[in-house]
Amino acid sequence: MAKGWQKATGEGPERGADAIAPIAPTAGAVMSASTRSVLFLNLNLNLDLDDFTEIWAQVFDDKAKGHLKALDDEFNPLYCMSSSWTRQMNGGAMVATLRQTGLGFVADNLHETWETVKAYSEVRAHEIRNWLNKHPDFAANWIALDDMASGTGLARWPHAKDRSCIVLCEVNVGLTDTEYLALRAAFQYRRDTTLRGTSS
């Protein structure tokens, strides 16, 4: 994400031992697929979660929030939080944090299953794959925004068409114009393929 959204997450280097298994949509998933994409969103907070006073406006970079809001306005996605710090929050705290930091539009559009299940030994790609296996309507209609340190396994996603919908930001740089354009292309690709599927 953008500068100010980054910090070391303690997830460590990518673990090369585990291959990412392809997702197998259940029968009829294409017919029932959501026309809204789901965005797996990694926002790394630079704050002490025990002290929220007088810091909200500085938590996330304004330009990064602007990029995300532009994507929200154009594509109206659902959101699923993949950040490791969601281990420290329940759904109510997550919604409050998003609203206080200027990301109310994300809070308003969180998927009912609003976070990927975290396991300290599991790579990010496995967390997303497991979420998608439980929500097969989105198996062909998702995008992931992460960073090169936290987004373990995502660069090795097995399907090229899905890898084109994974955007990895540089650590401590984040969601710049370059990543915004990559995300916009990914959303457009998902929209086009979803519309072709529903019209066929």
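We now turn to the structure provided with this report. (Residues numbered from 1 in each chain as written. Predicted model: local features only at pLDDT ≥ 70, side-chain atom pairs only at ≥ 80, totals over all residues. Heavy atoms only, no water.)

Structural notes on the overall build of the protein
No. 1: Within the protein, the secondary structure is distributed over 7 helices and 5 strands.
No. 2: Starting at the N terminus, the α and β elements of the protein follow one another as α-β-α-β-α-α-β-α-β-α-β-α.
No. 3: Going through the 200 residues of the protein one by one, you find that 48% of them count as buried.
No. 4: When the accessible area of the protein is evaluated, it comes to approximately 9,400 Å², of which 53% is carbon and sulfur surface. (Helix = DSSP H or I, 4+ residues; strand = E, 2+ residues; numbered from the N terminus. Buried < 20%, exposed > 50% of the residue type's maximum accessible area, 1.4 Å probe, protein only. Areas by Shrake-Rupley, 256 points an atom, 1.4 Å probe, with all protein chains shown as cover.)

A closer look at helix α3 (residues 91-100)
No. 1: All of the buried residues along α3 are M94, T97 and L98. The buried residues of α3 occupy one face: seen down the axis, they fall within an arc of 95°.
No. 2: Considering only its buried residues, α3 is in contact with β2 (78-81), α4 (104-107) and β3 (110-115).
No. 3: Of the residues flanking the start of α3, the one acting as N-cap is N90, its side-chain oxygen 3.2 Å from the backbone nitrogen of G92.
No. 4: Of the residues trailing α3, G102 is marked for its positive phi of about 85°. (Arc of directions from axis to C-beta. Contact = heavy atoms within 4.5 Å. Polar contact = N/O pair within 3.5 Å; in protein donor to acceptor, adjacent residues only side chain to side chain.)

Re the sheet that holds β2
No. 1: An order of β3-β2-β1-β4-β5 is seen for the 5 strands of this open sheet, with the pairing classed as parallel. The outermost strands of the open sheet, each flanked by one partner alone, are β3 and β5 (166-169). For this sheet, the mean angle separating the axes of adjacent strands, direction not counted, is 15°.
No. 2: Across 2 bridges, β2 lies against β3 in parallel orientation. When the sheet's bridge partners are listed, M81 is paired in β3 with E115.
No. 3: Taken strand by strand, α3 contacts β2 and β3, and its axis lies near 110° from that of β3. (Pairing = 2+ DSSP bridges. Axes fitted to C-alpha atoms, helices over the stretch in contact; angles between N-to-C directions.)

Side note on the pattern of salt bridges
Side-chain pairs of opposite charge can arise whenever the charged atoms involved come near each other.
No. 1: A full pass over the atoms with the stated rule returns 9 salt bridges.
No. 2: Between K65 and D62 there is a salt bridge; the shortest N-O distance is 3.6 Å. Taken together, the residues span about one helical turn, with K65 and D62 both in helix α2 (residues 62-75) at a distance of 3 residues.
No. 3: Looking at K65, the relative accessible area reads 13%, which means it is buried.
No. 4: Note on D62: relative accessible area 59%, which makes it exposed.
No. 5: A salt bridge links D108 to R99; the shortest N-O distance between them is 2.8 Å.
No. 6: Among the ionic contacts, a cluster of salt bridges with common partners joins R124, E127 and D146. (Salt bridge = Lys/Arg side-chain N within 4 Å of Asp/Glu carboxyl O.)

Some remarks on the packing of aromatic side chains
No. 1: Tallying each qualifying case throughout the model produces 5 aromatic pairs.
No. 2: A centroid spacing of 5.2 Å and a plane angle of 90° characterise the contact between F40 and W131, whose relative ring orientation is edge-to-face. With F40 in strand β1 (residues 38-41) and W131 in helix α5 (residues 124-134), this residue pair connects regions lying 91 residues apart in the sequence. Summarising the burial analysis for this pair, F40 and W131 share the class buried.
No. 3: Put simply, the rings of F40, W131, F138, W142 and W157 pair up and form one aromatic cluster. (Phe/Tyr/Trp six-rings, centres within 6.5 Å; stacked < 30°, edge-to-face > 60°.)

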